[in-house]
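# Examining the three-dimensional arrangement
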Amino acid sequence: MEALVKRIEKFKPFFDKIAANTYLGAIRDGFLTAMPAILFSSVFLLIASIPEIVGITLPTELTVWLNKVYAYTMGIVGLLVSATTARSLAESMNRKMPSGKTINATSIMLASICGFLLLAVTQTEDGFTTAYMGSKGLIAAFLSAFASCNIYRFCALRDITIHMPKEVPGVISQMFRDIFPFSFSVFFCAVIERVMYAGFGITFAEGIITLLQPLFTAADGYLGICLIWGAMAMFWFIGVHGPSIVEPAIAAIIYTNVEANLQLVNAGEHASNVITAGLGNFVGTMGGTGATLVVPFLLMLFAKSKQLKAVGKTSFVPVCFAVNEPLLFGAPSCSTPTSSCRSSSPRWSTSRSSSSSWTCSA
């Protein structure tokens, strides 16, 4: 076992770099920023769906209204995430920009939204389609956000802008500074949209979903569940924040499956897509990575150590909301399974071992 741990820990620097990647961090933070809209829409979905399960039929007008609220929140999550991801990435880039060079995060949000609409929306005779403005358009949202941020960064570093006299108010001066990067960003997405439509007759968002559908299907099963949530636990095992690496990679899958399940239920069919946000929250990681919901209660009820009882008391509330970092980092664990660690009254030292775990002695 120790040999396996040492072999895995050799890759820790590489995994640390992945966890610190600004693009993955932007996806994670972008989703967290958009999470209020997702949670808000889920409430209306539950109100519309649960009564039918118990045999209660809601008035048609009420059901239509509830579904409308859901459609205009969760149904445009791709649009929201394109803006929040772009802002998060812009803020990360600004921290690494040279002195005097900055990226306008608000302008980037607007450019990313415009780019996303070009990549995901199709015009019709009556207006435009919104089928890919939700979770199906997440890949397009990421592309628009990443492209906009890099183009703005390129223009800022090379001073490709319109300079105004100092007497011009700051807001107006900033507007002129953003004209070139905004135009280049939107034009970049417009070119991709034109090439995609000319070559395949579909939008970029639809093409990406079609291309990745076999991957979604292959991952949607017991093997996918084991790999995804097992990987989160494995990264934690070697001291890397597992969700920071895994969740951005599966975001498109889990939220696309949520929307697909809703369409199946509305059509009177069984919601057959397994890998969703609900599965992760209530099955795969109930109480946080490793499904630790019961652990704080075991510590409070059965642990003889005062320290373990204290860890249980301080961590059970956040663990109930799937935040188990206080438990993972607060509960001591033996670095080696020696006989001294199995003593009935261990004394836990405050020194850290090389593997970042607590050590104990009899």
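Rules of the game
- Going along each chain's sequence as written, the residues are numbered from 1 onward.
- Reporting of local features is limited, given that this is a predicted model, to residues whose pLDDT is at least 70; pairs of side-chain atoms are given and counted only at 80 or more, and all residues count toward the totals for whole chains, interfaces and linings.
- Heavy atoms throughout the structure, all of them, feed into the side-chain values; hydrogens and water do not.
- Each helix corresponds to a stretch of at least 4 residues labelled H or I by DSSP, and each strand to a stretch of at least 2 residues labelled E; elements are numbered beginning at the N terminus.
- Buried residues are those whose accessible area, probed at 1.4 Å on protein chains only, stays under 20% of the maximum for their type, while exposed residues exceed 50% and partly exposed ones sit between those limits.
- Here a residue-residue contact requires only that any non-hydrogen atoms of the pair lie within 4.5 Å.
- Think of a patch as exposed residues, more than 30% relative accessible area, with no salt bridge, where like charges cluster within 9 Å and nonpolar side chains (Val, Leu, Ile, Met, Phe, Trp, Tyr) cluster within 5 Å.
- Using a 1.4 Å probe, accessible areas were evaluated by the Shrake-Rupley method; residue-level cover was limited to the displayed protein chains.
- Note on definitions: salt bridges are taken to be side-chain nitrogens of Lys or Arg within 4 Å of carboxyl oxygens of Asp or Glu.
- The sign given to each residue is positive for Lys and Arg and negative for Asp and Glu; His and the chain ends receive no count.
- One atom stands in for each charge, and that atom is NZ of Lys, CZ of Arg, CG of Asp or CD of Glu.
- Every axis corresponds to a line fitted to the C-alpha atoms, with the helix fit spanning only the stretch in contact, and the corresponding angles, defined between N-to-C directions, vary from 0 to 180 degrees.
- Here is the rule for angles: anything less than 35 degrees is roughly parallel, anything more than 145 is roughly antiparallel, 65 through 115 is roughly perpendicular, and the remaining ranges are oblique.
- Each helix crossing is assigned a hand: it is left-handed if the near helix lies turned anticlockwise from the far helix by less than a right angle, otherwise right-handed if that turn is clockwise.
- Polar here means any residue other than Ala, Val, Leu, Ile, Met, Phe, Trp, Tyr, Cys and Pro, which are nonpolar, and Asp, Glu, Lys and Arg, which are charged; Gly is therefore polar.
- Aromatic pairing here means that ring centres of Phe, Tyr or Trp (its six-membered ring) are within 6.5 Å. Orientation follows from the plane angle: under 30 degrees is stacked, over 60 is edge-to-face, and everything else is tilted.
- Only Lys NZ and Arg CZ are tested; either one counts as a charge over a ring when it is within 6 Å of the ring centre and within 35 degrees of the ring normal.
- Residues belong to one nonpolar core when they are buried, are Ala, Val, Leu, Ile, Met, Phe, Trp, Tyr or Cys, and are joined through side-chain atoms within 4.5 Å.
- The term polar contact refers here to a pair of N or O atoms within 3.5 Å; inside protein, the definition further demands a hydrogen-donor-capable atom paired with an acceptor-capable atom, and it admits residues adjacent in sequence only when both atoms are side-chain atoms.
- A residue's pLDDT is simply how confident the predictor is in it, with values from 0 to 100.

### Description of the overall build of the protein
- Per the secondary structure count, the protein includes 16 helices and four strands.
- When each of the 362 residues of the protein is scored for burial, the buried share is 38%.
- Here the contacts in the protein between residues at least 6 apart in sequence split such that 64% fall between residues at least 24 apart.

### Some details on a positive patch on the surface
- A cluster of basic residues, Arg95, Lys96, Arg153 and Arg158, forms a positive patch on the protein surface.
- Take Arg95: it is sitting in the loop between α5 (77–94) and α6 (105–120).

### Concerning the environment of Asp220
- Secondary-structure assignment places Asp220 in the loop between α10 (204–219) and α11 (222–237).
- Taking the C-alpha atoms as reference points, Asp220 and Asn257, separated by 37 residues in sequence, lie 9.1 Å from one another.
- Not counting residues within four places of it along the chain, the set of residues in contact with Asp220 comprises Asn257, Ser272, Asn273, Val274 and Ile275.

### With respect to the packing of helix α7 (residues 138–157) against α10
- Here α7 crosses α10 at 120°, and the two axes come no closer than 8 Å. In this view, α7 runs oblique relative to α10, as classed from their interaxial angle. For the pair α7 and α10, the sense of crossing is right-handed. In this structure, α7 contributes Ile139, Ala140 and Leu143 to the contact, and α10 contributes Phe204, Ala205, Ile208 and Leu212.
- Looking at side-chain class alone, the contact of α7 with α10 contains seven nonpolar, no polar and no charged residues.

### Observations concerning the packing of aromatic side chains
- Applying the stated criterion across every chain, the model contains seven aromatic pairs.
- Among the aromatic residues, those joined into a cluster by ring pairs are Tyr23, Phe31, Phe142 and Phe146.
- The ring of Tyr132 carries Lys136 above its face, with NZ or CZ at 5.7 Å from the centroid.

### Notes on the nonpolar core
- Core analysis: the largest hydrophobic core is formed by 61 residues, its most contacted members being Phe31 and Tyr255.
- Dropping the residues within four chain positions of it, Tyr255 is found in contact with Phe31, Met35, Ile38, Met74, Ser135, Leu138 and Ala277.
- Core analysis: the second largest hydrophobic core is formed by six residues, Ala303, Leu308, Val319 and Leu327 among them.

### Observations regarding the pattern of salt bridges
- Throughout the structure, instances matching the rule amount to three salt bridges.
- Between Arg87 and Glu91 there is a salt bridge, with the nearest N and O atoms lying 3.3 Å from each other. You can see Arg87 and its partner Glu91 sitting in helix α5, four residues apart, about one turn around the helix.
- Among the residues examined, Glu91 registers a relative accessible area of 34% and is labelled partly exposed.
- In this structure, Arg194 engages Glu193 in a salt bridge whose closest nitrogen and oxygen atoms are separated by 3.9 Å.
- The partly exposed category is assigned to Arg194, whose relative accessible area is 48%.

### Some details on the side chain of Ser107
- Structurally, the position occupied by Ser107 is in helix α6.
- A polar contact of 2.6 Å, which involves the side chain of Ser107, links it to the side chain of Tyr152.
- Look past the residues within four positions of Ser107 in its chain and what remains in contact with it is Tyr152, Asp178 and Phe182.

### Description of the confidence of the model for the protein
- Across the protein, the average pLDDT comes to 81, with 89% of residues at or above 70.
- Under a pLDDT of 50 for its full length, residues 334–362 has, in the predicted model, 42 contacts with residues more than four places off or in other chains.

### Things to note about the environment of Leu66
- Checked against the element boundaries, Leu66 lands in helix α4 (residues 60–71).
- Taking relative accessible area as the criterion, Leu66 reaches 2% and is therefore assigned buried.
- The spacing of Leu66 and Leu45 is 21 residues in sequence and 7.0 Å in space, taken between C-alpha atoms.
- Setting aside chain neighbours within four positions, we find Leu66 in contact with Phe44, Ile47, Ala48 and Leu58.

### As for unusual backbone geometry
- Although it is not a glycine, Asp159 sits at a positive phi angle of roughly 55°.
- Tracing the backbone shows Asp159 in the loop between α7 and α8 (170–177).
- In this model, Ala291 sits at a positive phi of 50°, which is unusual for a non-glycine residue.
- Within the secondary structure, Ala291 sits in the loop between α13 (277–284) and α14 (295–302).

### Thoughts on the packing of α6 against helix α9 (residues 179–200)
- The contact between α6 and α9 brings their axes to 8 Å, and the two run at 15°. Considered as vectors, α6 and α9 are oriented roughly parallel to each other. Viewed along their axes, α6 and α9 form a crossing whose handedness is right-handed. Facing α6, whose interface residues are Ser107, Leu110, Ala111, Cys114, Gly115, Leu118 and Leu119, α9 presents Phe182, Ser185, Val186, Cys189, Ala190, Ile192 and Glu193.
- Each residue belonging to the contact of α6 with α9 can be placed in one class, and the counts come to 10 nonpolar, three polar and one charged.

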